[in-house]
Structures are given as C-alpha cells and as structure tokens.
Amino acid sequence: MLCLLCLILNLILSTSLLLSSNNIEDSFIFDFLGAFHPLFVHLPIGLWFGFIIFLLIGTVDKTRHIFPFLKIISLSVWISSIFAFLTGLSLRLGGYDSDIVDQHLGAALVFIYLISFFYIYHLKERSYLNLWITSFIISLSIGYNGHLGSVITHGSLNDRIGKFFIKNEQIHSDYSSDNFFNAAVYPILDSKCIICHNNRRSQGGLNMMTEKSILHGGLSGSSIIIGSAESSEIIRRINLPHDDILHMPPNEPYVTDNEKEIIKWWINHTFGKKKT
C-alpha cells in the first residue's frame, strides 16, 4: 500500500513538472506559494544531515536501536522535499523561466524518487553496508541539487571566475561598441534582474530583455534617463541599502560596484553613439 502511495505521488509530481512547460499566466497564488520555497528548500538538506549522523552512530555502536529513527527521518526528508519541489514549481509557473530552473526541478524530482524508494526499501533492510551505499547515492543527488540552486542564486563558477579575471581596460575597450548592451550590460541583467523582468514575468510592468523595453519602463515610468545615470531609477534602486524593500535585486546576488559602473557608462555614453 505504501509503495503504491509513493508511486502515485511521484507520478503526480512528474506530471506537474511536465505540465509546467506550458505557458500559464502570472498569478498571485504562484507568487505566494513560491515565497515559501526558501523555507522548505533547506529542510531536506538539514534532515538528511541528521540521518547521516544517526547512521554513523548506529554503525559505530551497533547496540543502539537506530532504525526507527532512520525511518522517521527519511520519511521526513521525503515529505519536506515534496513541499520544496511544489513551492519551487510555483516559482517556475509564476515566471521564473530558465533552463537552469528546469534542470533544478528535474534533479529535485529525481531526488524525490530516490528518497521515497529508499524509505520503502529499508523498511525491512538491516544491512549497514547497503544503507551506506544508497545513502551515498542520495547524498550525491542532494549535493547536485544544491549546486544547481547555488547557480540560480549566485551564478555559475565559470561566470564568477570570468568576472574576477576581467581587466578594467578590457571593459573600457568595449565602451565605444554599438553592441555594448549585449556584450556588457545584458549579462549583468541576465544574472541579477531578468528572472523577475522578462517576457513572461514583468514585475512592476518592467521588461529588461532589451534596450527598447528598458527605455519603455514600467508602472513607475522610465527606468533610465539617457545621459543621466545618477537620476535614473535603475541606479537609484541598485544603490539603496540591501535591507530596503525597494532595493533591486531584492535578493543576492547583488550588483557589484564594477557592474554598477558598467551600467552607468551604458546610460551616460552609449545611446548618443549608436549608428543611425
């Protein structure tokens, strides 16, 4: 009966992920449910860490009857991972649309399958060797999910290393380029802003996918004033304290000082140099 229940729930989650590829209009309920994702996403990780500690204790001292605790913890990991998946899926349906988000959801679904069948398999299992082998596989899965989540939040390691080694003179050499927005500005917006300001999800009515859409602005009016970066709303929001509700982006990764200078130069200098 339990096996059937796990299979049904996993199939429902799989179906929901497949259906999420369809275009669904932005909805308050998706944003509301998605807001709980940071709360649930860390629960499976913490609980699994507790599972490993109990398993280690049982391996060292086999007189301790730890299997009931392992069952409870693994069941808790499964349940909490379902909530983490559903709240993450709500973000996806609400407009957090990117390949890495889809990969993250797919990997999370694989983890849910692994932990559910792990729980069922070890209802009668008493071999510590088998427990450690399957626990290692699940640890790899949860580690990979954590990696994808980190990429979504902070960017890939290659991106961060590349930005670290970019020389100022290389950046300035592109200032006169007609393609400056695509070459230097868009990568910043893509990693910090576009997840909430894209063609599907335009918070505040602002789409930041192109120069034209940025110039058009949102509900608060134009986000930039050509030739006056310091008077532009985008710079004002970036420079607000991180704990200010109007600061953009609202969460890490924040815009760095070097990235601010690139955006300012784009606003102040590039529009007058565009070829007609």
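Scroll up for the structure.
All values reported here derive from a predicted model rather than from experimental measurement. (Residues numbered from 1 in each chain as written. Predicted model: local features only at pLDDT ≥ 70, side-chain atom pairs only at ≥ 80, totals over all residues. Heavy atoms only, no water.)

Caption draft 1: The arrangement of helix α13 (residues 257-270) in detail. Between the first and last C-alpha of α13 there are 19 Å, a value that for 14 residues agrees with the 20 Å anticipated at 1.5 Å per step. Taken as a whole, α13 has its buried residues at Glu-259, Lys-260, Ile-262, Ile-263, Lys-264, Trp-266, Ile-267 and Thr-270. (Helix = DSSP H or I, 4+ residues; strand = E, 2+ residues; numbered from the N terminus. Expected span 1.5 Å × (residues − 1). Buried < 20%, exposed > 50% of the residue type's maximum accessible area, 1.4 Å probe, protein only.)

Caption draft 2: Structural detail: the nonpolar core. Among the nonpolar cores identified, the biggest contains 26 residues, and Trp-48, Phe-51, Leu-70, Phe-85, Ile-115, Phe-118 and Leu-131 are the most heavily contacted of them. Listed by contribution, the elements that provide at least two residues to this core are α4 (43-60), α5 (67-93), α6 (99-121) and α7 (128-154). For this core, the element with the most residues is α5, which contributes 9 residues. Look past the residues within four positions of Leu-131 in its chain and what remains in contact with it is Leu-55, Phe-67, Leu-70, Phe-118 and His-122. Core analysis: the next-biggest nonpolar cluster, separate from the first, contains 21 residues, Met-208, Ile-224, Ile-235 and Trp-266 among them. (Core = buried A, V, L, I, M, F, W, Y, C linked by side-chain atoms within 4.5 Å. Contact = heavy atoms within 4.5 Å.)

Caption draft 3: Inspection of unusual backbone geometry at higher detail. Residue Pro-249 is reached from Met-248 by a cis peptide bond, and omega for that bond is -5°. By secondary structure assignment, the location of Pro-249 is in the loop between α12 (233-239) and α13.

Caption draft 4: Local environment of a nonpolar patch on the surface. Together, Val-110, Leu-114, Leu-129, Ile-133, Phe-136, Ile-137 and Leu-140 make up an exposed nonpolar region whose accessible area comes to about 660 Å². At the level of secondary structure, the elements contributing two or more residues to the nonpolar patch comprise α6 and α7. For the nonpolar patch, the element with the highest residue contribution is α7, accounting for 5 residues. In this fold, Ile-137 is placed in helix α7. (Patch = residues over 30% accessible without salt bridge, like charges linked within 9 Å, V, L, I, M, F, W, Y side chains within 5 Å. Areas by Shrake-Rupley, 256 points an atom, 1.4 Å probe, with all protein chains shown as cover. Salt bridge = Lys/Arg side-chain N within 4 Å of Asp/Glu carboxyl O.)

Caption draft 5: Focus on the packing of helix α10 (residues 180-192) against α13. Where α10 meets α13, the axes come as close as 10 Å, and the angle between the chain directions of the two elements is 135°. Judged by the angle between their axes, α10 and α13 are oblique. You can see that α10 and α13 cross each other, and the crossing is left-handed. Between α10 and α13, the contacting residues are Phe-180, Phe-181, Ala-184, Val-185, Ile-188 and Lys-192 on the first element and Glu-259, Ile-262, Ile-263, Trp-265, Trp-266 and Thr-270 on the second. Across the contact of α10 with α13, the residue classes tally to 9 nonpolar, 1 polar and 2 charged. (Axes fitted to C-alpha atoms, helices over the stretch in contact; angles between N-to-C directions. Parallel < 35°, antiparallel > 145°, perpendicular 65-115°, else oblique. Left-handed = near helix turned anticlockwise from the far one by under 90°. Nonpolar A, V, L, I, M, F, W, Y, C, P; charged D, E, K, R; others polar.)

Caption draft 6: Broad picture of the pattern of salt bridges. Enumeration over the complete set of coordinates arrives at 7 salt bridges. Residue Glu-233 is joined to Arg-236 by a salt bridge in which the shortest nitrogen-to-oxygen separation is 2.7 Å. With a gap of 3 residues between them, Glu-233 and Arg-236 both fall in helix α12, about one helical turn apart. Between Lys-260 and Asp-257 there is a salt bridge; the shortest N-O distance is 3.9 Å.

Caption draft 7: Region of the structure containing the environment of Ser-220. Take Ser-220: it is sitting in the loop between α11 (211-216) and α12. Since its relative accessible area comes to 62%, Ser-220 is described here as exposed.

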